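Secondary and tertiary structure notes
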Amino acid sequence: MPGPHLVAAIDHGTSSTRCLLFGRDGRPVASHRVAQSVHTPRPGWVELDMEEVRRAVDTCVEGALAAAGATAADVAAVGIANQRESAVLWERATGGPVGRSLVWQDTRTEDGVARLVTEGGVDRFRVRTGLPVSTYSTALKLAWLLDAEPGRREAAADGDLLAGTPDAWVLWWLTGGPAGGVHATDPSNASRTLLMDLRELVWDDDLCDLLGVPRGLLPEIHPSSAVLGVATRALAGVPVAGVLGDQQAALLGHGCVEPGSVKNTYGTGAFLLQNTGREPVASRNGLIATVAWQLEEAPPVYALEGSVAVAGSLLDWLCDDLGLAADAAELEALARTVEDTGGVVLVPAFSGLFAPYWRPDARGVIAGLTRHTTRAHLARAAFEACAWQVADVAEALAADTGTPLAELRVDGGLAASALLLQLQADALGVPVAVPAQRELTAAGAAFAAGLAVGFWSGLDEVAALAGATRRVEPRLGERERERGLARWREGVSRSLDWAVSVD
């Protein structure tokens, strides 16, 4: 096929980085994935080596092109999707990272969060930013990195350092790094830092000063779908035309372009988003108001989000650390050997609880153990925990919007689990819609990039390319569902105040 007929998407996640190539039908034609090491040197500390990530990006791009038998000349544009809230600090002259990045799950800034909450409450910045004060956001992580070693703040003041969320790091290196790399981000990522004015889409100088992040360190904020620069190396000459936080990318990948549409992504965590249209909705129930995306020359689109810290990583923990099964498929088979959890509730508050509770003092608990409890009951309790956490967020979303959930579109690795999808439909009491393809995060990044260069005509075409192939209907009666939800929340109550009382 003559001329560019593909769009590339670089999808940088917590545990891996991938490159996928999409055709005009919105389906992936080739991909390459590289796993990356997640470092946990202390309890609550979660880090990535960004040099490893940089190498992974190059390897993935080269691998995807090779798999498709394609070259840069076949690619119309490239988009970036990334795990959000993480903090990256690097040297302007060399591009070398200044320490490891602090991943979104990292909780080492708890003391700073406690101080800010004591001074002004957990919602003191919510009107300006849409966010509660928590360890989740980027700002305090960047401040911690600047204070971790002598001389870093002086280097920042001298203009020798750059900072940003992982999209900014990937974009900078993709467009040349020290040799003219573009230092930019988009509103979907910037809205997760606790430093951006949610309506004006600019860095808030007062917040930068208060939270200890020099404004000069931060990338410029550009639309999510716009030509930001030109790629180098394997994609030399290809416009870099899309940047989206991974969950906003998945929202676009699902074709959730109309206000009221909802999706949930099961990854390391679980992330439920609803498109709320042209105005941010202030949550009263523990959710986050965020920018969904901004197309070039258009006003921003907003979303309400509920973020669950632990979902897929719970299954990884049971398999890799506790040896309960070899992998998630074997764990699901084990869980299917029992009809229920035998009264066991597993609350995976490894990094505290995110939405809708926002309790950094929570820690994981397994409650309801008896001599009857087996490995199978624990396995099933893990799958149920994923479903009940999403149900908590969905209830908060309905309370904020006044509209009960009618259907949940799903994606992510765990969307391959038939058991989880049935448990999710049962926990929500509404159908779960399974898409025709699972690569929705990468698809959203590709759509953003393709829209910017005219590869796709507009959001209507993007929505038409997305669609569900099947629906999983709930089987649980309402009374049984309410009992299960009450038992889950009793388990949640046992997890609270643990870090305070023990530490």
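See the structure shown above.
Cut-offs and rules
Residues numbered from 1 in each chain as written. Predicted model: local features only at pLDDT ≥ 70, side-chain atom pairs only at ≥ 80, totals over all residues. Heavy atoms only, no water. Helix = DSSP H or I, 4+ residues; strand = E, 2+ residues; numbered from the N terminus. Rg over C-alpha atoms; globule rule 2.2 N^0.38 Å. Buried < 20%, exposed > 50% of the residue type's maximum accessible area, 1.4 Å probe, protein only. Contact = heavy atoms within 4.5 Å. Areas by Shrake-Rupley, 256 points an atom, 1.4 Å probe, with all protein chains shown as cover. Lys, Arg positive; Asp, Glu negative; His and termini not counted. Charge placed at Lys NZ, Arg CZ, Asp CG, Glu CD. Pairing = 2+ DSSP bridges. Core = buried A, V, L, I, M, F, W, Y, C linked by side-chain atoms within 4.5 Å. Axes fitted to C-alpha atoms, helices over the stretch in contact; angles between N-to-C directions. Polar contact = N/O pair within 3.5 Å; in protein donor to acceptor, adjacent residues only side chain to side chain. Patch = residues over 30% accessible without salt bridge, like charges linked within 9 Å, V, L, I, M, F, W, Y side chains within 5 Å. Salt bridge = Lys/Arg side-chain N within 4 Å of Asp/Glu carboxyl O. 1 Å grid on protein atoms, 1.4 Å probe; cavity = no way out; pocket = protein on both sides within 12 Å on 5 of 7 lines; lining within 4 Å. Points joined across faces, edges and corners; volume = space filled by probe spheres on them.

Quick look at the overall build of the protein now. Looking only at helices and strands, one finds 17 helices and 22 strands in the protein. Scaling as 2.2 N^0.38, a compact globule of 503 residues should have a C-alpha radius of gyration of about 23 Å, and the protein matches this with 22 Å. Each principal axis of the C-alpha atoms in the protein carries an extent, and together these give about 65 × 55 × 45 Å. The buried share of the protein, reckoned over its 503 residues, is 61%. For the protein, restricting intrachain contacts to residue pairs at least 6 apart in sequence, the fraction spanning at least 24 positions comes to 72%. Carbon together with sulfur atoms contributes 50% to the accessible area of the protein, which is approximately 18700 Å² in total. With 42 positive and 62 negative side-chain charges, the protein shows a separation of 5 Å between the mean positions of the two kinds.

This part covers the sheet that holds strand β8 (residues 101-102). Adjacent strands of a sheet form backbone hydrogen bonds with each other and so pair up, either parallel or antiparallel. Sheet architecture is open: three strands sit in the order β4-β5-β8, paired in antiparallel fashion. Whereas interior strands pair on both sides, the edge strands pair on one side only; in this sheet they are β4 (38-39) and β8. Bridging between strand β5 (residues 47-48) and β8 involves two bridges; their strand directions are antiparallel. Note that in β8 the partner of leucine 48 across the bridge is serine 101.

This next bit is on the pairing of strand β15 (residues 270-277). Working note: regular strand, side chains alternate between the two faces of the sheet. Across the eight residues of β15, eight count as buried, placing the element largely inside the fold. Alignment of strand β14 (residues 262-266) against β15, held across five bridges, turns out to be antiparallel. By the bridge assignment, tyrosine 266 is partnered in β15 with alanine 270. As paired strands, β15 and strand β17 (residues 301-308) are joined by seven bridges and run antiparallel to one another. Bridging across to β17, glycine 277 finds its partner in tyrosine 302.

Once that is clear, we can look at the nonpolar core. Residues Leu195, Trp293, Leu331 and Leu408 are the most contacted members of the largest nonpolar core, which totals 173 residues. Residue contributions to this core peak at 16 residues, all from helix α12 (residues 375-401). When neighbours within four sequence positions are excluded, leucine 331 is seen to be in contact with Leu315, Leu318, Cys319, Leu324, Ala325, Ala379 and Phe383.

A few words now on the sheet that holds strand β2 (residues 16-22). Overall, mixed pairing links the six strands, which are arranged β3-β2-β1-β6-β13-β12 in an open sheet. This sheet does not close on itself; its edge strands, each paired only once, are β3 (28-35) and β12 (225-230). Direction aside, neighbouring strands of the sheet carry axes that sit 25° apart on average. Sheet topology places strand β6 (residues 75-82) next to strand β13 (residues 239-245); five bridges connect them, and they run parallel. Paired with alanine 81 across the two strands is leucine 244, which belongs to β13. Along the sheet face, helix α9 (residues 246-253) touches β6 and β13 and points at about 105° away from the line of β13. The strands that helix α14 (residues 440-452) touches are β1 (6-12), β2, β6, β12 and β13; relative to β1, the one it contacts most, it runs at about 135°.

With that settled, the discussion passes to the environment of serine 283. Turning to its location among the elements, serine 283 is positioned in the loop between β15 and β16 (288-293). Here the alpha-carbon distance between serine 283 and glycine 212, two residues 71 residues apart in the chain, equals 26 Å. Setting aside residues no more than four positions away along its own chain, serine 283 makes contact with Arg126, Leu304 and Asp400. A polar atom in the side chain of serine 283 sits 3.5 Å from the backbone nitrogen of glycine 286.

Residues Glu91, Glu154, Asp158 and Asp160 make up a contiguous surface patch of negative charge. Here glutamate 154 lies in helix α5 (residues 152-157).

For glutamine 248, the position within the fold is in helix α9. Judged by its relative accessible area of 0%, glutamine 248 falls in the buried class. In this structure glutamine 248 touches Arg84, Ser188, Ser191, Arg192, Leu273, Thr290, Val291, Ala292 and Trp293, once residues within four positions along its chain are discounted.

Turning to the layout of surface pockets, a few remarks are in order. Taken as a whole, the second largest pocket encloses approximately 470 Å³ of empty space. Around the second largest pocket, the lining comprises 19 residues; the ones closest to its centre are Arg380, Glu384, Leu423, Leu476 and Glu480. Among the secondary structure elements, those contributing two or more residues to the lining of the second largest pocket are α12, α13 (418-428) and α16 (478-495). Per-element tally for the lining of the second largest pocket: the top contributor is α13, with five residues.

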